[in-house]
Amino acid sequence: MTRADLRTEIRAGRWQLVGLHTVLLAGAELVGESRWWSAVWESGPGAVLDGVTALTAAGLRKFEEDTVHVSVPSANRVRRSSGITVHRPNAVGPAVDSPVPRVLPEVACLRAAAWARTDRTAALLVSMSVQQRIVDRDRLMTAWEETTYTARRTLLDQVIRDVCDGAESLGELDFGALCTSYGLPSPDRQIRRVRASGVAYVDAGWESVGLLIEIDGVHHLDVDSVTDDALRQNDLVLGRERVLRIPLMGLRTEPARFMRQVVRAYRQAAET
């Protein structure tokens, strides 16, 4: 196919030129993988998919953005195009060529979280990437510890350690500190309850007023955990216990809203 052949088809209206390097054939649409390829071709030499787009290319489900994220080495020339967000990191890093060039999943995860519009979205992206096994926990933690600068550093440090370590104790400790800041007494921890199926331990609460708090880490999203959690909470409620559930990511991104509920529940429990 020569340049003359291309010009003939484009002038005849059978094919469409998109940008400088992409030709859309008759009946084709610029969606999915073809859109990613076009973004890589149009953005400049060395361009690769990055952020949410790289995660999607790696298999991330149930999260979409209108723009295609690509990174171009800072020393290279960049072309800006509609529908493409171009980033210029100091070091793009090694690329995965399968099938469209993209950064490593752990790098894409960290950058997607840093570029997210809100803290909640940043935490959600980290959780989903690990939960859907797009990103390996150990590789994510290694990449994070090698990161010298990023937006949302404090939040991401908490979220990534929660996700990678599965550290429920971290959430419980932070919850205790929040209780103090909201004028509540220090909660009891690992409260023992006997169920028909055996002994269960509730993360925190105040036995003196009969209020229990469950702090759900990322592993609670697993199918088996969801079922066990529902059965345990039903047992507690049927035993006339007051139970509040707080997702750990919610504690990270919306602490005030959850703590207002805790304060309200504590005061109601104390009055009865």
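How each quantity is defined
Residues numbered from 1 in each chain as written. Predicted model: local features only at pLDDT ≥ 70, side-chain atom pairs only at ≥ 80, totals over all residues. Heavy atoms only, no water. Helix = DSSP H or I, 4+ residues; strand = E, 2+ residues; numbered from the N terminus. Rg over C-alpha atoms; globule rule 2.2 N^0.38 Å. Buried < 20%, exposed > 50% of the residue type's maximum accessible area, 1.4 Å probe, protein only. Contact = heavy atoms within 4.5 Å. Areas by Shrake-Rupley, 256 points an atom, 1.4 Å probe, with all protein chains shown as cover. Lys, Arg positive; Asp, Glu negative; His and termini not counted. Charge placed at Lys NZ, Arg CZ, Asp CG, Glu CD. Disulfide = S-S within 2.5 Å. Core = buried A, V, L, I, M, F, W, Y, C linked by side-chain atoms within 4.5 Å. Phe/Tyr/Trp six-rings, centres within 6.5 Å; stacked < 30°, edge-to-face > 60°. Lys NZ or Arg CZ within 6 Å of the ring centre and 35° of its normal. Axes fitted to C-alpha atoms, helices over the stretch in contact; angles between N-to-C directions. Parallel < 35°, antiparallel > 145°, perpendicular 65-115°, else oblique. Left-handed = near helix turned anticlockwise from the far one by under 90°. Polar contact = N/O pair within 3.5 Å; in protein donor to acceptor, adjacent residues only side chain to side chain. Expected span 1.5 Å × (residues − 1). Arc of directions from axis to C-beta.

Enquirer: Account for the overall build of the protein, with residues named and values stated.
Expert: Check the secondary structure of the protein and you find 11 helices and 11 strands. Taken over C-alpha atoms, the radius of gyration comes to 25 Å for the protein, far larger than the 19 Å a tight globule of 272 residues would show. Per-residue burial over the protein gives 44% buried out of 272 residues. Across the protein, every contact between residues at least 6 apart in sequence was considered, and the portion connecting residues at least 24 apart equals 54%. When the accessible area of the protein is evaluated, it comes to approximately 14,900 Å², of which 50% is carbon and sulfur surface. Taking the 34 positively charged and 35 negatively charged side chains of the protein as two groups, their mean positions are separated by 6 Å.

Enquirer: So what's going on with the state of the cysteines? Which residues, and what values?
Expert: The full count for this structure, using the stated rule, is 0 disulfides. Sulfur of cysteine 164: no disulfide; nearest cysteine sulfur belongs to cysteine 109 and is 8.3 Å away. For cysteine 164, a relative accessible area of 13% gives the class buried.

Enquirer: Break down the nonpolar core for me, with residues and values.
Expert: Counting 64 residues, the largest nonpolar core has Val126, Leu140, Ile160, Phe175, Trp206 and Ile213 as its most contacted members. In terms of residue count, the dominant contributor to this core is helix α11 (residues 255-271) (7 residues). Setting aside residues no more than four positions away along its own chain, tryptophan 206 makes contact with Phe175, Cys179, Leu184, Pro185, Ser186, Pro187, Asp188, Ile191, Leu211, Ile213, Val262 and Tyr266. Formed by 5 residues, the second largest nonpolar core is a distinct cluster that contains Val202, Leu212, Leu236 and Val243.

Enquirer: Give me the lowdown on the packing of aromatic side chains, citing residues and values where you can.
Expert: Here the distance between the centres and the angle between the planes together describe a pair of aromatic rings. Evaluated as defined, the whole model comprises 3 aromatic pairs. Each ring, one from tryptophan 37 and one from tryptophan 41, has its centre 5.6 Å from the other, and the planes form 25°; the classification is stacked. Taken together, the residues tryptophan 37 and tryptophan 41, both in helix α2 (residues 32-43) and 4 residues apart, mark about one turn of the helix. Assessed through its relative accessible area of 24%, tryptophan 37 is described here as partly exposed. Aromatic pair tryptophan 206 and tyrosine 266: ring centres 5.2 Å apart, planes at 70°, arrangement edge-to-face. Placement of the pair is tryptophan 206 in strand β9 (residues 198-206) and tyrosine 266 in helix α11, with a sequence separation of 60 residues. Tyrosine 266 carries the same exposure label as tryptophan 206, and that label is buried. Aromatic ring contacts, followed pair by pair, group Phe175, Trp206 and Tyr266 into a single cluster. Here the basic side chain of arginine 153 rests over the ring of tryptophan 144, its NZ or CZ set 4.8 Å away from the ring centre.

Enquirer: I'd like a rundown of the packing of helix α4 (residues 105-115) against helix α5 (residues 119-131), residues and numbers included.
Expert: Two packed helices can be described by the angle between their axes and the distance between those axes. One can describe the packing of α4 onto α5 by two numbers: an axis separation of 7 Å at closest approach and a directional angle of 160°. The orientation of α4 with respect to α5, classified from their angle, is roughly antiparallel. As α4 packs across α5, the resulting crossing turns out to be right-handed. Together, Cys109, Ala112 and Ala113 of α4 and Ala122, Leu125, Val126 and Ser129 of α5 make up the contact between the two elements.

Enquirer: Give me the side chain of threonine 22: which residues, what numbers.
Expert: Inspection of the secondary structure puts threonine 22 in strand β2 (residues 22-24). Judged by its relative accessible area of 3%, threonine 22 is buried. Of the polar contacts made by the side chain of threonine 22, one reaches the side chain of glutamate 42; its length is 2.8 Å. With residues up to four places along the chain from it excluded, the contact list for threonine 22 reads Gln16, Leu17, Leu30, Ser38, Trp41 and Glu42.

Enquirer: Tell me what's going on with α11, and back it up with residues and numbers.
Expert: Helical geometry note: an α-helix holds 3.6 residues per turn, so side chains three or four residues apart project in the same direction. Across its 17 residues, α11 extends 24 Å between first and last C-alpha, which sits within 8% of the 24 Å expected from 1.5 Å per residue. Taken residue by residue, α11 has Phe258, Met259, Val262, Val263, Ala265, Tyr266 and Ala269 as its buried positions. Each buried residue of α11 lies within a common arc of 165° when the element is viewed along its axis, so the set occupies one face. Among the exposed residues of α11, those oriented more than 90 degrees off its buried face are Arg260, Arg264, Arg267 and Glu271.

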